[in-house]
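Inside the fold
Below are the chains, spelled out letter by letter.
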Amino acid sequence: MRSIWNGAISFGLVSIPIKLVNATESHSISFRQIHLADGGRIRYRKVCELDGEEVSGAEIGKGYEEADGSVVPITEEDLAQLPLATAKTIEIMSFVPAEEIDPLQMDAAYYLAANGATAAKPYTLLREALKRSRKVAIAKFALRGRERLGMLRVVDDVIAMHGLLWPDEIRAPEGVAPDVEVTVRDAELDLADALMATLGEVELESLHDDYRDAVEAMIAAKAGGAFEPAEATVEPAGGQVIDLMAALEKSVRAAKASRGEGGAAVEADAEAEAGAGAGAEVTPMRRRSGTGRKTAAAPKAVGGKKSTAASAKKTAPAASKKKTATTSTSGTAKSGTVKSATNKSTSTASAKKTGTKAAGTKKAGTKVAGTAAGAKKAAAPRKRASA
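Thresholds, definitions, all that
- Residues numbered from 1 in each chain as written.
- Predicted model: local features only at pLDDT ≥ 70, side-chain atom pairs only at ≥ 80, totals over all residues.
- Heavy atoms only, no water.
- Helix = DSSP H or I, 4+ residues; strand = E, 2+ residues; numbered from the N terminus.
- Buried < 20%, exposed > 50% of the residue type's maximum accessible area, 1.4 Å probe, protein only.
- Contact = heavy atoms within 4.5 Å.
- Areas by Shrake-Rupley, 256 points an atom, 1.4 Å probe, with all protein chains shown as cover.
- Pairing = 2+ DSSP bridges.
- Core = buried A, V, L, I, M, F, W, Y, C linked by side-chain atoms within 4.5 Å.
- Axes fitted to C-alpha atoms, helices over the stretch in contact; angles between N-to-C directions.
- Patch = residues over 30% accessible without salt bridge, like charges linked within 9 Å, V, L, I, M, F, W, Y side chains within 5 Å.
- Salt bridge = Lys/Arg side-chain N within 4 Å of Asp/Glu carboxyl O.
- Lys, Arg positive; Asp, Glu negative; His and termini not counted.
- Charge placed at Lys NZ, Arg CZ, Asp CG, Glu CD.
- Expected span 1.5 Å × (residues − 1).
- Arc of directions from axis to C-beta.
- Polar contact = N/O pair within 3.5 Å; in protein donor to acceptor, adjacent residues only side chain to side chain.

**Some details on the overall build of the protein**
Per the secondary structure count, the protein includes 10 helices and 9 strands. Across the 387 residues of the protein, 20% fall into the buried class. Here the contacts in the protein between residues at least 6 apart in sequence split such that 60% fall between residues at least 24 apart. Looking at the protein as shown, the accessible area adds up to about 29,400 Å², and 55% of this sits on carbon and sulfur atoms.

Next up, the structure:
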């Protein structure tokens, strides 16, 4: 691999001659700009805006434009005279745990190769020290006319350096997070965990650029004259309100099916993972109204805080109320037997036994007293006959 920079690593008083090599390469497909009428290539020429003449690379220099539009020329000699200690040196400043480095700071990656036989021993020493400490080195270096921040770590048996952005180059994520209050339920988190576990891990070496393969196949087909464009399917845009629980359950099933875990077991596992969260909703779906149909509650036990007569009155149907009222006023006195099948009679008897002072019990107590007296008179003849 061709080196792009030669210098040394400054490790205290130890100097390690190295060569800098690009650790990454781009495989993206490049396109040229052409004239649609005749296919001619469009080129950009460097032209001076004052005289309109095309300028060669040897005639082009650097300049800094001021706020008023004036330009201050800057030469390579000017830059070379600046006191830049890292012009040819990667200066290690400290060693820190790797987890302290924010991935947002990561920039281009390079391999550091030992430059010459004399560099092998100190190079290996630094590599093994990084391995044993399980730390990374933070360093400064200069490349392409500016000082940069770098992180040195071990990759296999090679020291690699990642360029780092300066801390003030990382923008704060203001206004990026959702500005609405969202509640995530435990059932939704359980399904998300199940989906993560189902997807599992992947070998990064097995991943490749499917889009690039499709572009290369399309170029080859067009070059051979056998290209037939297919009609693109456009997915509907956003703005849809989804049931997050249903989407998670479906995702778990699809993930298991793709890993060869299809069949009835997939359905059973998905339903078990859904748990109590089945049918749940997620913001911003419309919440269910709390005014649904209520089931008739059974009368409360004797001695409750609320009158059982009021509960019976609410739950009994209209026709039953009318029939009960007639029976309780007339039929009870004739037969001498209190009918416990009606809610009103039940509540009256319960009020008499417990002595609860509920609203309306005074009138009911009078009727019961009359009913009890009638029952006593009716029972007396039967006693004398048996004697």
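**Re the pairing of strand 4 (residues 71-74)**
Relative to strand 4, strand 3 (residues 62-65) runs antiparallel, the two sharing 4 bridges. Paired with Gly-63 across the two strands is Pro-73, which belongs to strand 4. The antiparallel pairing of strand 3 with strand 4 creates a hairpin that spans 5 residues between the two strands, and Gly-69 there sits at a positive phi of about 100°.

**Concerning the environment of Ala-23**
Position of Ala-23 relative to the elements: it lies in the loop between strand 2 (14-22) and strand 3. Judged by relative accessible area, Ala-23 falls into the partly exposed class, the value being 25%. Put simply, Ala-23 and Ala-109 are 86 residues apart on the chain and 5.4 Å apart in space, counted from C-alpha to C-alpha. When sequence neighbours within four positions are dropped, the list of residues in contact with Ala-23 reads Ala-109, Tyr-110 and Tyr-111.

**Some details on the nonpolar core**
One finds Ile-9, Ile-18, Ile-90, Leu-112, Leu-152 and Met-161 to be the most contacted residues of the largest nonpolar core, which totals 20 residues. Counting residues per element, the ones that place at least two in this core are strand 1 (3-11), strand 2, strand 5 (89-97), strand 6 (106-114), helix 2 (120-133), strand 7 (135-143) and strand 9 (158-164). With 4 residues, the top contributor of residues to this core is strand 7. Ignoring any residue separated from it by four or fewer positions in sequence, one finds Leu-112 in contact with Ile-9, Ile-18, Lys-19, Leu-20, Ile-90, Tyr-123, Leu-152, Val-158, Ile-159 and Met-161.

**Comments concerning the sheet that holds strand 6**
An order of 1-2-6-9-8-7-5 is seen for the 7 strands of this closed barrel, with the pairing classed as mixed. Put simply, the sheet's adjacent strands are angled 40° from each other on average, direction ignored. One ladder, built from 8 bridges, connects strand 1 with strand 2; its direction is antiparallel. Its bridge partner lying in strand 2, Ser-3 is registered against Val-21.

**Some points on a negative patch on the surface**
Taken together, the side chains of Glu-49, Glu-65, Glu-66 and Asp-68 present a region of like negative charge at the surface. You can call Asp-68 exposed: its relative accessible area is 66%.

**Overview of unusual backbone geometry**
Positive phi, close to 55°, is recorded for Arg-134, a residue that is not glycine. If you trace the backbone, Arg-134 turns up in the loop between helix 2 and strand 7. Under the relative-accessibility criterion, Arg-134 is labelled exposed at 75%. Even without being a glycine, Asp-156 presents a positive backbone phi close to 55°. When you line up the elements, Asp-156 lands in the loop between strand 8 (146-155) and strand 9. The class of Asp-156 is exposed, set by a relative accessible area of 67%.

**Some details on helix 5 (residues 244-258)**
Helix length check: helix 5, at 15 residues, gives a terminal C-alpha distance of 21 Å against a target of 21 Å (1.5 Å per residue), a fit within 8%. Where helix 5 is concerned, the buried positions are Met-245, Leu-248, Glu-249, Val-252, Ala-255 and Lys-256. Considered in projection along helix 5, the buried side chains sweep an arc of 130° and stay on one side of the axis. Residues Lys-250 and Ser-258 are exposed on helix 5 and point more than 90 degrees away from its buried face.

**Considering the pattern of salt bridges**
Going through the model one piece at a time under the given rule, you end up with 8 salt bridges. One salt bridge connects Asp-157 with Lys-131, and the closest N-O pair in it is separated by 3.4 Å. With Asp-157 in the loop between strand 8 and strand 9 and Lys-131 in helix 2, this pair connects stretches of sequence that are 26 residues apart. Look at Lys-131 and you get partly exposed, because its relative accessible area is 36%.

**With respect to the pairing of strand 7**
Most of strand 7 sits inside the fold, with 7 of its 9 residues counted as buried. Sheet topology places strand 5 next to strand 7; 6 bridges connect them, and they run antiparallel. Residue pairing for strand 7: Phe-95 is matched across the bridge by Ala-137. Of the strand pairs in this sheet, strand 7 and strand 8 are connected by 7 bridges, and their pairing is antiparallel. Bridge assignment links Leu-143 to a residue of strand 8, and that residue is Arg-146.

**Structural notes on a nonpolar patch on the surface**
Together, Tyr-64, Val-72, Ile-74, Leu-79 and Leu-82 line one region of the surface with nonpolar side chains, adding up to about 440 Å² of accessible area. Here Tyr-64 shows up in strand 3.

**Some thoughts on the side chain of His-162**
Among the structural elements, His-162 can be located in strand 9. Within the structure, the side chain of His-162 is placed 2.8 Å from the side chain of Arg-153, a separation counted as a polar contact. Setting aside anything within four residues of it in sequence, one finds His-162 in contact with Met-106, Ala-108, Ala-109, Leu-149, Gly-150, Met-151 and Arg-153.

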